[in-house]
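Descriptive analysis of the structure
Here is how the chains run, residue by residue.
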Amino acid sequence: MKRLLFALAFAFSALIFGAGHAVASASIHAFRHPGALNTSENLNRVESEISSNSQPWTGALADVVLKAKSAGPAIVTLDAGDRDQAALSEADAVNAYANALAWRLTGNKTYFRQASGVLSNLAHFQGFTGGTDQDKLHAGWVGVLYGEAAEIMRSSADFRHEDITALQLMFRRAFYPQLMTPSSWNGNVDLTQINALMTLAVFNDDEVAFKLGLERLDARLATYIHVKSEPDIAPIVGDGGNLQSFWFNPVEWVDGLTQETCRDNGHHAQFGMASALNAAEIAWNQGVDVYGKHEARLVPAMELLAKQLLTGDMQGVCRQSKSSTTLFNTFEVGFHHYHHRMGLPLPNSEKLIVQRIRTDGQSVLNIFHETLTHAR
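Each value, and the rule that gives it
Residues numbered from 1 in each chain as written. Predicted model: local features only at pLDDT ≥ 70, side-chain atom pairs only at ≥ 80, totals over all residues. Heavy atoms only, no water. Helix = DSSP H or I, 4+ residues; strand = E, 2+ residues; numbered from the N terminus. Rg over C-alpha atoms; globule rule 2.2 N^0.38 Å. Buried < 20%, exposed > 50% of the residue type's maximum accessible area, 1.4 Å probe, protein only. Contact = heavy atoms within 4.5 Å. Areas by Shrake-Rupley, 256 points an atom, 1.4 Å probe, with all protein chains shown as cover. Phe/Tyr/Trp six-rings, centres within 6.5 Å; stacked < 30°, edge-to-face > 60°. Lys NZ or Arg CZ within 6 Å of the ring centre and 35° of its normal. Disulfide = S-S within 2.5 Å. Polar contact = N/O pair within 3.5 Å; in protein donor to acceptor, adjacent residues only side chain to side chain. Axes fitted to C-alpha atoms, helices over the stretch in contact; angles between N-to-C directions. Parallel < 35°, antiparallel > 145°, perpendicular 65-115°, else oblique. Left-handed = near helix turned anticlockwise from the far one by under 90°.

A few words on the overall build of the chain. Tallying secondary structure elements over the chain gives 16 helices and two strands in all. For the chain, the C-alpha radius of gyration of 20 Å lies close to 21 Å, the compact-globule estimate for 376 residues. For the chain, the proportion of its 376 residues judged to be buried stands at 57%. In the chain, the share of contacts with a sequence separation of at least 24, taken over all contacts with a separation of at least 6, comes to 77%. Here the chain displays about 14600 Å² of accessible surface, and carbon together with sulfur accounts for 54% of that area.

A few words on the packing of aromatic side chains. All chains considered together, the criterion is met by 13 aromatic pairs. Taking the centre distance of 5.1 Å and the plane angle of 45° together, the rings of Trp 247 and Trp 253 count as tilted. Judged by relative accessible area, which is 1%, Trp 247 ranks as buried. Across the ring face of Phe 112, the terminal group of Lys 109 is positioned such that the distance to the ring centre comes to 5.0 Å.

What follows covers the side chain of Asn 278. Note on placement: Asn 278 falls in helix α11 (residues 267-285). Setting aside chain neighbours within four positions, we find Asn 278 in contact with Leu 37, Asn 195, Val 333, Asn 366 and Glu 370.

What follows covers the state of the cysteines. Taken as a whole, this structure holds one disulfide when the rule is applied. Shown here is the disulfide that connects Cys 262 with Cys 318, its sulfur atoms set 2.0 Å apart. Between Cys 262 and Cys 318, the S-S torsion sits near -80°, and that sign places the bridge as left-handed. In this pair, Cys 262 sits in the loop between α10 (243-246) and α11 while Cys 318 sits in the loop between α13 (295-311) and α14 (332-341), placing the two residues 56 residues apart along the sequence. Exposure remark for Cys 318: the relative accessible area of 6% places this residue in the buried category.

So, about unusual backbone geometry. Omega for the peptide link from His 33 to Pro 34 comes to -15°, which places this bond in the cis form. Positionally, Pro 34 belongs in the loop between α1 (2-17) and α2 (40-51). Looking along the chain, the bond that leaves Gln 55 and enters Pro 56 is cis, with omega of 10°. Here Pro 56 is to be found in the loop between α2 and α3 (57-65). One non-glycine residue, Phe 331, lies in the positive phi region at around 80°.

This paragraph deals with the side chain of Asn 38. Counting through the fold element by element, Asn 38 comes out in the loop between α1 and α2. Taking the relative accessible area as the measure of exposure, Asn 38 reaches 1% and is therefore buried. Side-chain polar atoms of Asn 38 contact the side chain of Glu 148, separated by 3.4 Å. Apart from the residues within four sequence positions on either side, Asn 38 is in contact with Leu 43, Tyr 97, Glu 148, Ile 152, Asn 285, Thr 373 and His 374.

Glancing now at the packing of helix α4 (residues 83-106) against helix α5 (residues 109-122). Where α4 contacts α5, the axes come no closer than 8 Å and their chain directions differ by 150°. Regarding the angle of α4 to α5, the classification is roughly antiparallel. Crossing hand, α4 versus α5: left-handed. In this structure, α4 contributes Asp 92, Asn 95, Ala 96, Asn 99, Ala 100, Ala 102, Trp 103 and Thr 106 to the contact, and α5 contributes Tyr 111, Phe 112, Gln 114, Ala 115, Val 118 and Leu 119.

Function cannot be read off these values alone, since they describe shape.
Right, dumping it as structure tokens:
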């Protein structure tokens, strides 16, 4: 019934807004499941590649399976500022998503039982206690992973309705308070919160939370990725009233410059881009085209970052000349959309993915093995 409702809502949006996806202000009405970062169609495609022993999917799955373990002790409360507590939570979230993917792509019931155990423990989580923006960031990191795991698991008839309900209540109780209010830190934190909020909103069938995520994504992208056609950057909470400083003093304001490019185009800029693109993919899977609306920002940002990482040179946009050598397993989601769906050439992104990302890219926190789920 939900699929029928979604199809009707999608068709209605197409009539109002034209063929394809609705604009970001359109109503969702009913949610597609699974429909956060992963869909049944996409996972079926990956499963087929693995059944054929194709690369890079088979190798990527082997890496994921290594992270799929039995459930540990339940985490009841968490101060994300305590590194030991945070590490336990991060490992638990990775375990949940790894098991869910391993089960879905292999059919091995051991992984289903292990994922169920992790999520059953999670349902008892009461909330974050640190009271700082570190809690907000951490809720984003692990919320994405827990939400993706739960969204995959709900596709099984063996994942009970009461389990789904318990998780939905927990996400509202413990995660929403950390995700609903933007962090006052840099843009990657807000984008990570948005990524998690939209993931959990899909699982919770929560249109209000989903629309809030879309609104915040629109606002943050306009203040996180520069385009020369819009030289006046809108202010945003946390910028301190000094945009030059907030953007870490770029030498040249070029298309695709992110708010954190000149801070660190290793960890921070890559996490910001990954979260933004993953949130856009979630929107797409629910019939909303954020990708198209922000193409003029996202494509140049991917290409600039990829060129910097490929050459080791910052391309003259920052005071520092050398690029980071750190690589994460991202770019696949955005490249899948803009190149494979839309047919756009992204030569730097393609070269980086093939030559470096699939071999050297780290899967950390909410950047989780995009090669497995979104390589083509």
